[in-house]
Amino acid sequence: MTQTEEGTIVPAAAKILPINLSHLSRVGARPAFLDYLVQLWDFRNFIIYDARARVKSGTRRDKLGSAWLLLNPIFNGVTYFVIFGLLLGTGKGIPNFIGYLTIGVFMFQMTSGAITGGARSIQQNRALVQGFTFPRAALPLGVNIREAMVNVPMILAMLLLVLFIPPTEPITWRWLLIIPVLLLQFLFNLGVGMILARVISRVNDVTHLLPFALRAMMYLSAIFFSYERFIHHPVLLSIMQANPMFIIIDITRDCLLYGVTPALQSWIVLTAWSLSVLIVGSVYFWKGEESYVRG
């Protein structure tokens, strides 16, 4: 028998091996940001599979199934056309008001659904968050990928409506510009959803305020009226033109309806909005990684 410096008696044949604890980490500890992104990439197959599964099951209980993905924005567009176009006359002076309204309604609904789903992703998957270890950003990211999949038929329907409902618009090379617009819109939606997901995970009351905030954004996006109505109100006009959703819709209308190449400034502002919101949202969400388990 031998005795160690600490006074512990061990068999003579036993060897004392030093243990390096520097590489061990606490279970559930937040990794470094770059490591977190790598973990998120490693979960890409799960994220995509989950998004596909939720798309298939989303309207399974409805008799019309996936048709509601198209019927909802169409019914919204018809409602807005009757109220604002026919009764209130907000479409006067707007060339091709039906196409103008269609693009506004469809594009805004894509953002509204993605932000709402992303904001509630942690709250609605609390059991999954508390029961398994994985990068929690997979949840809002999965929601946005799911919404992107859902929006594919909506985008095709929007293009067909613009193409066939009179006054019809010809197809030009500018129609291809909708691809970068949708990409920037996706990044913006994801960033906002991640910010709200962390906020709502701590303060559930924000879920009741979210519909009002989205409605305010809708009114500031000039969906069913022209922004020129506020030409004599420079402050309100500046706020409207700085609204990223207004820029998304305005660029899309220029490309699809009016055959106009969107101004470079619009692209710069929209890109700045999308990237800055995504970066802020990613870092903000990552910093709260350990708090989501506690609820």
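All values reported here derive from a predicted model rather than from experimental measurement. (Residues numbered from 1 in each chain as written. Predicted model: local features only at pLDDT ≥ 70, side-chain atom pairs only at ≥ 80, totals over all residues. Heavy atoms only, no water.)

J.: Explanation requested: the packing of aromatic side chains in the structure shown.
T.: Ring pairs (aromatic) are described by centroid distance and by the angle formed between their planes. Counted according to the given criterion, the structure contains nine aromatic pairs. A ring pair is formed by Phe97 and Tyr100, whose centres lie 6.4 Å apart and whose planes are at 20 degrees; its orientation type is stacked. Of the two residues, Phe97 and Tyr100 are both situated in helix 4 (residues 97-119); the distance of three residues between them amounts to about one turn of the helix. Residue classification places Phe97 among the buried positions, given a relative accessible area of 10%. (Phe/Tyr/Trp six-rings, centres within 6.5 Å; stacked < 30°, edge-to-face > 60°. Helix = DSSP H or I, 4+ residues; strand = E, 2+ residues; numbered from the N terminus. Buried < 20%, exposed > 50% of the residue type's maximum accessible area, 1.4 Å probe, protein only.)

J.: Quick question: what am I supposed to make of the environment of Pro31 here?
T.: Assignment of secondary structure puts Pro31 in the loop between strand 2 (9-10) and helix 1 (33-42). Exposure remark for Pro31: the relative accessible area of 17% places this residue in the buried category. In this structure, the C-alpha to C-alpha distance between Pro31 and Glu289, residues 258 residues apart in sequence, is 9.0 Å. Ignoring any residue separated from it by four or fewer positions in sequence, one finds Pro31 in contact with Tyr36, Gln39 and Trp286. (Contact = heavy atoms within 4.5 Å.)

J.: Looking at this structure, I do not really get the pattern of salt bridges. What am I missing?
T.: Where charged atoms from two side chains of opposite charge approach closely, those side chains can pair. Counted by the stated rule, this structure contains two salt bridges. Glu289 is paired through a salt bridge with Arg136; the nearest N and O atoms lie 4.0 Å apart. Taken together, the residues Glu289 in the loop between helix 12 (264-287) and helix 13 (291-294) and Arg136 in the loop between helix 6 (126-131) and helix 7 (138-164) connect sequence positions 153 residues apart. Like Arg136, Glu289 is buried. Arg146 is the partner of Glu147 in a salt bridge, and the nearest nitrogen-oxygen pair spans 3.8 Å. An identical accessibility class is assigned to Glu147 and Arg146; each is buried. (Salt bridge = Lys/Arg side-chain N within 4 Å of Asp/Glu carboxyl O.)

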